[in-house]
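Chain and residue survey
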Amino acid sequence: EAQVTQNPRYLITVTGKKLTVTCSQNMNHEYMSWYRQDPGLGLRQIYYSMNVEVTDKGDVPEGYKVSRKEKRNFPLILESPSPNQTSLYFCASSPRRVDRGRSNEQFFGPGTRLTVL
Amino acid sequence: KNEVEQSPQNLTAQEGEFITINCSYSVGISALHWLQQHPGGGIVSLFMLSSGKKKHGRLIATINIQEKHSSLHITASHPRDSAVYICAVRDYGGSQGNLIFGKGTKLSVKP
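Residues numbered from 1 in each chain as written. Chains lettered and ligands numbered in written order. Predicted model: local features only at pLDDT ≥ 70, side-chain atom pairs only at ≥ 80, totals over all residues. Heavy atoms only, no water.

Thoughts on the packing of aromatic side chains
Applying the stated criterion across every chain yields a total of four aromatic pairs over all chains. Seen in terms of ring centroids, A:Y35 and B:F101 are 5.1 Å apart; in terms of plane orientation they differ by 85°. Their pairing is edge-to-face. You can see A:Y35 sitting in strand β4 (residues 31–38) and its partner B:F101 sitting in strand β10 (residues 99–101), one on each of two chains. Here A:Y64 and A:Y89 contribute two aromatic rings whose centre-to-centre distance is 5.9 Å and whose plane-to-plane angle is 65°, an arrangement assigned as edge-to-face. Pair noted here: A:Y64 is in the loop between β6 (54–57) and β7 (65–66) and A:Y89 is in strand β9 (residues 87–94), with a separation of 25 residues, a long-range link. The cationic tip of B:R90 hangs over the ring face of A:Y31; the distance from NZ or CZ to the ring centre is 5.4 Å. (Phe/Tyr/Trp six-rings, centres within 6.5 Å; stacked < 30°, edge-to-face > 60°. Helix = DSSP H or I, 4+ residues; strand = E, 2+ residues; numbered from the N terminus. Lys NZ or Arg CZ within 6 Å of the ring centre and 35° of its normal.)

Have a look at this one:
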């Protein structure tokens, strides 16, 4: 089954304790992206990757790191989490050549609800 | 930077009604996406548009590039259509990977 998986689904942690949220897709997609969703602000892009070893900042990259060493995986790293990073996080993937006639549907993971105390 | 506005923010309809959700953006784009977020939180991609119109079942999406406006229509609405509908755009001149989102329209369809 074609899917994007995220782990963990729920996480409560404390300020400053490094954490990683994993994201994996089995569709051989080049493009992967991380978003956060907050009440009143909607979805905002954190980082994205157009292919292996290629990453770029979205609108709210501060306090986050990413890496893309393999095509299927795109982990989100919070080196020193703070309470303002409490949010619902989504990972998504799609074929790279979005908007050029190919199937460009984005597949979203189920979300990770993070609470930083 | 593109500004994406959706209207209405909230919409309540009776089952069977025709529904329209609007999305406007401020700067030329290469593509516009419509997403659906279920009450449980999961997000599904509905359409990607760069011009014209697309239809899938009871859902129709249109885009007017000159007016910088897109609409999502739901015909013969049903309670299972209750969800948040989100518009997102890719800037024409910006990075192909950067998406800007509207704040969403919460739709509730009553039986």
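So, the environment of B:Q6
Residue and element names in this part refer to chain B. Mapped onto the fold, Q6 is located in strand β1 (residues 4–7). The exposure class assigned to Q6 is buried, which follows from its relative accessible area of 11%. Considered as a pair, Q6 and G102 are 96 residues apart in the sequence and their alpha carbons are 5.9 Å apart. Excluding residues that lie within four positions of it along the chain, Q6 makes contacts with I21, N22, C23, W34, Y85, I86, C87, G102, K103, G104 and T105. A polar contact of 2.9 Å, which involves the side chain of Q6, links it to the backbone nitrogen of C87. Here the side chain of Q6 touches T105 through a polar contact of 3.3 Å, side chain to side chain. (Buried < 20%, exposed > 50% of the residue type's maximum accessible area, 1.4 Å probe, protein only. Contact = heavy atoms within 4.5 Å. Polar contact = N/O pair within 3.5 Å; in protein donor to acceptor, adjacent residues only side chain to side chain.)

Topic: the nonpolar core
Among the nonpolar cores identified, the biggest contains 23 residues, and B:L32 and B:W34 are the most heavily contacted of them. Looking at this core, the elements with two or more residues in it are β3 (19–25), β4 (29–37), β5 (43–49), β7 (59–64), β8 (69–74), β9 (83–91) and β11 (105–110) of chain B. Every residue in contact with B:L32, bar those within four places of it in the chain, is listed here: B:C23, B:Y25, B:F47, B:M48, B:L49, B:I63, B:S70, B:C87, B:A88 and B:V89. Judged by nonpolar contacts, the second largest core, of 19 residues, contains A:I46, A:Y47, A:Y64 and A:L76. (Core = buried A, V, L, I, M, F, W, Y, C linked by side-chain atoms within 4.5 Å.)

Focus: the pairing of strand β11 (residues 112–116) of chain A
Residue and element names in this part refer to chain A. Because side chains alternate across β11, one face comprises the buried residues T112, L114 and V116, and the other comprises R113 and T115, none of which is buried. Pairing of strand β2 (residues 10–13) with β11, which is carried by four bridges, proceeds in the parallel orientation. The partner of L11 across the bridge, within β11, is L114. (Pairing = 2+ DSSP bridges.)

Quick look at the layout of surface pockets
As a volume, the largest pocket reaches approximately 680 Å³. Lining the largest pocket we find 33 residues, and of these A:Q37, A:P39, A:L88, B:Q37 and B:V84 sit closest to its centre. Grouping the amino acids of the lining of the largest pocket by side-chain chemistry returns 12 nonpolar, 16 polar and five charged. A:L41, B:V4, B:F101, B:G102 and B:K103 are, among the 19 residues lining the second largest pocket, the residues nearest its centre. Broken down by secondary-structure element, the contributors of at least two residues to the lining of the second largest pocket are β5 (42–51) of chain A together with β1 and β10 of chain B. Residues that form the lining of the second largest pocket fall into these classes: seven nonpolar, six polar and six charged. (1 Å grid on protein atoms, 1.4 Å probe; cavity = no way out; pocket = protein on both sides within 12 Å on 5 of 7 lines; lining within 4 Å. Points joined across faces, edges and corners; volume = space filled by probe spheres on them. Nonpolar A, V, L, I, M, F, W, Y, C, P; charged D, E, K, R; others polar.)

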